[in-house]
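Structure at a glance
Now for the letters of each chain:
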Amino acid sequence: MANKAIILLAVLLCAQAVFGVAVVSKSAWGGRAPRSKTTLGNNLSYAVIHHTAGNYCSTRAACAQELRNIQSDHMDSLGWPDIGYNFLIGGDGAVYEGRGWNVVGAHATNWNSKSIGISFLGNYNHNTATSAMINAAKGILADAVSRGQIVSGYILYGHRQVSATECPGTTLWNEIRTWSNWRA
Ligand SMILES: *[C@@H]1O[C@H](CO)[C@@H](O)[C@H](O)[C@H]1NC(C)=O
Ligand SMILES: [Zn+2]
């Protein structure tokens, strides 16, 4: 019985490793440590989708450079403690760590402490998210549910639904409206 339990545990651990989305850590993209952090609670009801409205990138190196630029802008020009978003999606199909799990972001006024913010690198008034990017975003949302950061019946909004902004851009807005957790 003990052996069976150990095998079952090993299978579960492997399954988690296989099905969880790989996240490119902040240190892997050359990000700076946050100046401070505020704890974000679990079992949140919302996720908010953004675009960075900046450069599109399709390689690890180009996305890492873009992330460093955005982080500098947020920390040095805007004076924020870190890059604003919890996670970002690159045109290379990778998920990049921003503030990460259980840290309040700076992405949607009045919604930061009740949602996670995921941003697509690029301007989706002109760019179009690839299926790899869409799968990456859906993957990190599924991971957010499995770790209890957001509830399984969470509501997905585009930034424009909670603030006066065109974010996340027209093409991405049209895309996320087809996702099962999106609500009008
Ligand atoms: C989320 O809420 C459920 C039900 O109240 C609770 O059992 C669970 O521990 C909570 N998850 C986290 C990660 O806090
Ligand atoms: Zn936004």
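Provided above is the structure to which this section pertains.
Rules used in this analysis
Residues numbered from 1 in each chain as written. Chains lettered and ligands numbered in written order. Predicted model: local features only at pLDDT ≥ 70, side-chain atom pairs only at ≥ 80, totals over all residues. Heavy atoms only, no water. Helix = DSSP H or I, 4+ residues; strand = E, 2+ residues; numbered from the N terminus. Buried < 20%, exposed > 50% of the residue type's maximum accessible area, 1.4 Å probe, protein only. Phe/Tyr/Trp six-rings, centres within 6.5 Å; stacked < 30°, edge-to-face > 60°. Core = buried A, V, L, I, M, F, W, Y, C linked by side-chain atoms within 4.5 Å.

Let us now look at unusual backbone geometry. Cis rather than trans, the peptide bond between Cys167 and Pro168 has omega equal to 15°. Along the chain, Pro168 falls in the loop between β6 (150–158) and α4 (170–176). Residue Asn102 is not a glycine yet carries a positive backbone phi of 55°. Residue classification places Asn102 among the partly exposed residues on the basis of a relative accessible area of 25%.

Another aspect to go through is the packing of aromatic side chains. Counting across every chain of the model gives six aromatic pairs. Taken together, a centroid distance of 5.9 Å and an interplanar angle of 75° make the contact between Phe120 and Tyr124 edge-to-face. For the pair Phe120 and Tyr124, one class covers both residues: buried. Relative to Trp182, the ring of Trp173 lies with its centre 5.7 Å away and its plane at 75°, an arrangement referred to as edge-to-face.

Attention now moves to the nonpolar core. In this structure, Ile116, Phe120, Leu141, Leu156 and Trp179 are the most contacted members of the largest nonpolar core, which totals 28 residues. Of all hydrophobic cores here, the second largest spans 13 residues; its members include Cys63, Ile83, Tyr85 and Tyr96.

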